[in-house]
Amino acid sequence: MEARRYDNKGESKCVIGEEITVDWRGKPSNPNKHGGMRAAAFVLGLQAFEIMAIAAVGNNLITYVINEMHFPLSKAANTVTNFVGTIFILALLGGYLSDSYLGCFWTMLIFGFVELSGFILLSVQAHLPQLKPPQCNMLTDGENCVEAKGVKSLIFFVALYLVALGSGCVKPNMIAHGGDQFNQSNPKQSKKLSTYFNAAYFAFSMGELFALTLLVWIQTHSGMDVGFGVSAAVMAMGLISLVSGNLYYRNKPPQGSIFTPIAQVFVAAILKRKQTCPSNPQMLHGSQNSVLDNGIVAPSADSGSLAHTQRFRFLDKACIKIEDGTNIKESPWRLCSVTQVEQVKILISAIPIFACTIVFNTILAQLQTFSVQQGGAMDTQLAKSFHIPPASLQSIPYIILIILVPLYDTFFVPLARKITGHESGISPLQRIGAGLFFATFSMVSAAIMEKKRRDAAVDSNKILSIFWITPQFLIFGLSEMLTAVGLIEFFYKQSLKGMQAFLTAITYCSYSFGFYLSSLLVSLVNKITSSSSSNQGWLSDNDLNKDRLDLFYWMLAVLSFLNFLSYLFWARWHSYSPISLLTTTQQETLGDDHLNNYGFINSSKHGVDESMP
């Protein structure tokens, strides 16, 4: 519920729950002028242009470091994977700086220019011969090629990691700042928030598709210097889009270090580990709650507090006030409020949901590596003079997303909303679960097609058309639309005030961990399957006709299904809420707005928002 409060200077501030929103001048935001889909559209522009710029560099980077910088294959591969991994890890830094000190807009603007400077430096180096080693064909004369070292190597890595630093810090804030334009306590705006998340992934897919087709084609035919220059120009367009919407944004000011309150809870709980929690939760410090007939603690309507829960009871010791007969005020590192502790509980309970998406991104890694190699062993001819580049197969999921996302939001969500009463049609947890379920069948399809391709090549000396492996990309496109968007929406809607950018950044870490797990699985599978002298590893040979990629895909399918079963358990565990123990009369007494704002439910009119089927 939106309210108007006054500070000690008599100035009013627009408060959403316990959060303040201001316009570009720092004055209270006006719901009629600021926020909404109009403001979010400018952020979507930045998202489309930024992903277009970074994806064009990332997808063709290995070609540049081999052909222009003359790095050996192993070093080139590590350069690319380290670059991608660094981007996703640095998303945590961007989320932290935004929520704690800078705010979303200024974080995007500052680090957007950092990313732009990296693109420009890459373009300059690719254009000037004196900043690169002498030209040499690595395929025909690789041994005599001079590898870039010293100042030339330094310039390259400085440029590359300026791009990584900028992109990593910009990414989570694009989603969070767009989401901040919608007031979740307003039912109409809350419905639009779900539409925004779908639109954000549509913009992401459009950017990826243009990067994998048009920009990569420019790099290939006009040179990497022109390609990097185009990425710089595209990024500049994204920053122009961001700045153009400044007059319409609702901005959430930074709240100070977001880690300090979390650390205080753990420190206080450890220091008071020998204390005994009172049987009555009202005795806990900072509790302004009322106890209902069945013993459930409900937050008071004016406190802005979260409901006390029985989960992770050891943390409640941080709220125990020591009664020693004096009125000495305890340090925040020894005494915390119930709301502070409950927010830490929410953060801990979301970790298993995040962990269950790592295997999903491990499957994504296969589609970007082995499936491309799989396509390279097939007939890529489409016409007499045109062959499909195997790497272009990666664009299939994004083509599917561009088609499915509008259909999902236009037809499925309204229909599901009538059945479930949920503003998003189905809850974010249900959406993630459906995506993880479909991801399993992507690997099943990949395994079946690889077995068919291998048998045809080995037994009949036939080469199948590359179109045979498109189903695995199509299925994964559907899976990604459900899982990726659901995960972002789930984390953004957690009741952790002032941490939306950081929580969004956590979702990007799933990509890093998924790719790291992929590398680990490949090494372990090769080691285990080649343990005997008579056997070669499933993936030990560069020839897919000798490898057993189909068995590796079947292993991933089983792993994915087990991960889905694990997710069902953790989703049901997370779905538990004290609201499920309230009677209908008690729910009506508290009111939907009361329950929605203070942690019992998120938005559903018919029960817990995150329930699983």
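What counts, and at which threshold
Residues numbered from 1 in each chain as written. Predicted model: local features only at pLDDT ≥ 70, side-chain atom pairs only at ≥ 80, totals over all residues. Heavy atoms only, no water. UniProt positions renumbered as here; feature names shortened; annotations may be inferred. Helix = DSSP H or I, 4+ residues; strand = E, 2+ residues; numbered from the N terminus. Buried < 20%, exposed > 50% of the residue type's maximum accessible area, 1.4 Å probe, protein only. Contact = heavy atoms within 4.5 Å. Areas by Shrake-Rupley, 256 points an atom, 1.4 Å probe, with all protein chains shown as cover. Patch = residues over 30% accessible without salt bridge, like charges linked within 9 Å, V, L, I, M, F, W, Y side chains within 5 Å. Salt bridge = Lys/Arg side-chain N within 4 Å of Asp/Glu carboxyl O. Phe/Tyr/Trp six-rings, centres within 6.5 Å; stacked < 30°, edge-to-face > 60°. pLDDT = per-residue confidence, 0-100.

As recorded by an unreviewed UniProt entry, the protein carries the name Nitrate transporter and is attributed to Populus deltoides. A UniProt comment under Sequence similarities (unreviewed entry) is attached to the protein, and it reads "Belongs to the major facilitator superfamily. Proton-dependent oligopeptide transporter (POT/PTR) (TC 2.A.17) family." Looking at the protein in UniProt, the text filed under Subcellular location (unreviewed entry) is "Membrane".

Q: With reference to specific residues and values, describe the overall build of the protein.
A: A tally of regular secondary structure across the protein gives 18 helices and seven strands. For the protein, buried positions account for 54% of its 613 residues. Taking the intrachain contacts of the protein between residues at least 6 apart in sequence as the baseline, contacts between residues at least 24 apart amount to 78%. Accessible surface for the protein amounts to roughly 27200 Å². Of this, 62% is attributable to carbon and sulfur atoms.

Q: Tell me about a nonpolar patch on the surface, residues and numbers included.
A: Together, Phe 437, Phe 438, Phe 441, Val 558, Phe 561, Leu 562 and Leu 565 make up an exposed nonpolar region whose accessible area comes to about 600 Å². Of the residues forming the nonpolar patch, the biggest block, four residues, is contributed by helix H16 (residues 549-575). Within the secondary structure layout, Phe 441 lies in helix H13 (residues 428-459). Look at Phe 441 and you get partly exposed, because its relative accessible area is 39%.

Q: Kindly report on the packing of aromatic side chains, identifying the contributing residues and their values.
A: Aromatic ring pairs are defined here through the distance separating the ring centres and the angle between the ring planes. With the rule as written, the count across this model stands at 32 aromatic pairs. Where Phe 156 meets Phe 157, the ring centres are 5.1 Å apart and the plane angle is 70°; that geometry is what we call edge-to-face. Measuring from ring centre to ring centre gives 5.5 Å for Trp 570 and Trp 573, while their planes differ by 90°; the resulting arrangement is edge-to-face. Here the residue Trp 570 and the residue Trp 573 both occupy positions in helix H16, the gap between them amounting to three residues, near one helical turn.

Q: Which residues make up the confidence of the model for the protein, and what values do they have?
A: When the pLDDT values of the protein are averaged, the result is 79; 83% of them are 70 or greater. Least confident of the elements in the protein is strand S2 (residues 12-16), whose mean pLDDT is 37; most confident is helix H3 (residues 104-127), at 94. Between residues 1-18, whose pLDDT stays under 50, and residues either more than four places distant or in other chains, the model counts 42 contacts. Every residue in residues 290-304 is under pLDDT 50, and counting partners more than four places away or in other chains gives 47 contacts.

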